[in-house]
Amino acid sequence: MRVFGEPGGAAPWGWRFGGHHVSLNNLVVDGAVVATTPCFLGADPATSPLLGGAVNRPLARVEDLARDLVRSLHPDLAARAVLLARAPSDLVTANRTTVAAGDRVIPLAGIWRDERFPDASEQAKLQALSDAIDDAAGYGDEHHAALEYTSEPKGVPAADLDAEQRALLRGLLGTYLGRVPDEVSPLRRYDDDAELDAVHLAWAGPIGPGEPHYYRLQGPRLLLEWDNTQRGANHAHSVWRDPEADFGLDVLARHRADWHRRA
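Overview of the structure. Numbering of residues starts from 1 in each chain and follows the order in which that chain's sequence is written. Note on the predicted model: pLDDT of at least 70 is required for a residue's local features to be given, and 80 or more for side-chain atom pairs to be given and counted; whole-chain, interface and lining totals, by contrast, use all residues. Only hydrogens and water are set aside; all other atoms, that is, all heavy atoms of the structure, feed into the side-chain values.

A short note on the pattern of salt bridges
Whenever Lys or Arg places a side-chain nitrogen within 4 Å of a carboxyl oxygen from Asp or Glu, that contact is recorded as a salt bridge. Scanning the entire structure with this criterion turns up 15 salt bridges. In this structure, the salt-bridge partner of Arg 104 is Asp 141, at a minimum N-O distance of 2.8 Å. Of the two residues, Arg 104 sits in the loop between strand S8 (82–84) and helix H3 (120–137) while Asp 141 sits in helix H4 (residues 141–147), which places them 37 residues apart along the sequence. Each residue gets one of three labels from its accessible area relative to the maximum for its type: buried under 20%, exposed over 50%, partly exposed in between, using a 1.4 Å probe on protein chains only. Relative accessible area serves as the criterion here: at 54%, Asp 141 is assigned to the exposed category. Arg 166 is the partner of Asp 193 in a salt bridge, and the nearest nitrogen-oxygen pair spans 3.4 Å. One end of the pair, Asp 193, is in helix H6 (residues 193–197); the other, Arg 166, is in helix H5 (residues 163–177), with 27 residues separating them in the sequence. A relative accessible area of 12% means that Arg 166 is categorised as buried. Note on conventions: DSSP H or I runs of at least 4 residues are helices, E runs of at least 2 residues are strands, and numbering of each starts at the N terminus.

As structure tokens, this is what we get:
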């Protein structure tokens, strides 16, 4: 856990909690939480057996609601929603500080921003694992181009969905936006039909359970990404981002501008 600034002070401050498959980021200004993204949760394994025949799936609803939604689409809509028949190796926007048009999947060995494995043998293991993941995805330049992040959302807008599908979409939004208290979550925004209309769904990969797949939901100030592709589609990642203001960068920019004017 890391704290930035002085909690309770006059200046903005924040805290971050991170670990394997967990990254929570919060910014506080004037005693109120003003930013909660990026918010990342993953699971490896995504599915595991429990005693008595039960199954543990920590992110089950995040996966199942999206699949149910895609499978409910009329063939014409499904053809627009499913961008590619095969899934990428990981989240398209990866762990970039900010997202921008043209972002593509970063290989696992490139996720670290500096050299974290000075031992040559450990670095070689990481590179071999990264290469195996990329080879399994089988993506060429044309695949990356089809799935790269764009400012104009890809896929099918909620405006083209029927009432039942819109209910599924709202439930799916809740699996991400419900990770924070109601008071700071933007989930209620999507009670407004016009707000929901602007959210687009895009999918890559097969739609059958147990197959490697990826999807994203994108709209104004909203980007949700999911992939379950590695380890035989049993290693899942999910992230909620605000493309315009992750880490509260917009709030911090305004604060700095105001402070310099006063100075």
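Anyway, onward from the coordinates.
Regarding H5
In this scheme, a helix's expected span is set at 1.5 Å multiplied by one less than its residue total. A rise of 1.5 Å per residue sets the reference length of H5, with its 15 residues, at 21 Å; its end C-alpha atoms lie 21 Å apart and thus fit the reference within 8%. Within the span of H5, buried status applies to Gln 165, Arg 166, Leu 169, Leu 172, Leu 173, Thr 175, Tyr 176 and Leu 177. In what follows, residue pairs with any heavy atoms lying within 4.5 Å of each other are defined as contacts. In this structure, the buried side of H5 is in contact with helix H1 (60–72), H6, strand S11 (213–219), strand S12 (222–228) and strand S13 (236–241). A 3.5 Å cut-off defines polar contacts: any pair of N or O atoms within that distance qualifies, except that in protein one atom must be a possible hydrogen donor and the other a possible acceptor, and neighbouring residues in sequence count only when both atoms are side-chain atoms. Capping the start of H5 is the job of one residue whose side-chain oxygen sits 3.2 Å from the backbone nitrogen of Glu 164: Asp 162.

Some remarks on the packing of aromatic side chains
Paired rings are identified among Phe, Tyr and Trp, the last through its six-membered ring, by centres lying within 6.5 Å, and are further divided according to the angle between planes into stacked (under 30 degrees), edge-to-face (over 60) and tilted (the rest). Following the criterion strictly, the structure yields 2 aromatic pairs and no others. On the numbers, 6.0 Å between centres and 10° between planes, the contact of Trp 203 with Tyr 215 is stacked. Taken together, the positions of Trp 203 in strand S10 (residues 200–204) and Tyr 215 in strand S11 put the pair 12 residues apart, joining distant regions of the chain. Each member of the pair, Trp 203 as well as Tyr 215, is classed as buried. Ring centres of Tyr 215 and Trp 226 lie 6.3 Å apart, and the angle between their planes is 20°; on these two criteria the pair is classed as stacked. On the criterion of sequence distance, the pair formed by Tyr 215 in strand S11 and Trp 226 in strand S12 is long-range, its members being 11 residues apart.

Notes on the pairing of S13
The element S13 is extensively covered by neighbouring structure, given that 6 of its 6 residues are classed as buried. Strand pairing is assigned whenever DSSP detects at least two bridges linking the two strands. Strand direction decides the pairing type here: strand S5 (residues 39–43) and S13, joined by 5 bridges, are antiparallel. If you follow Gly 42 over to S13, its bridge partner there is His 237. Relative to S13, S12 runs antiparallel, the two being bridged by 6 bridges. Paired with Asn 228 across the strands is Ala 236, a residue of S13.

Concerning a nonpolar patch on the surface
Residues with no salt bridge and a relative accessible area higher than 30% make up the patches, which join like charges within 9 Å and nonpolar side chains (Val, Leu, Ile, Met, Phe, Trp, Tyr) within 5 Å. In short, Shrake-Rupley with a 1.4 Å probe defines the accessible areas, and a residue's cover is counted only from the protein chains shown. There is a patch of nonpolar side chains on the surface, built from Met 1, Val 3 and Phe 17 and spanning about 330 Å² of accessible area. Positionally, Phe 17 belongs in strand S2 (residues 13–19).

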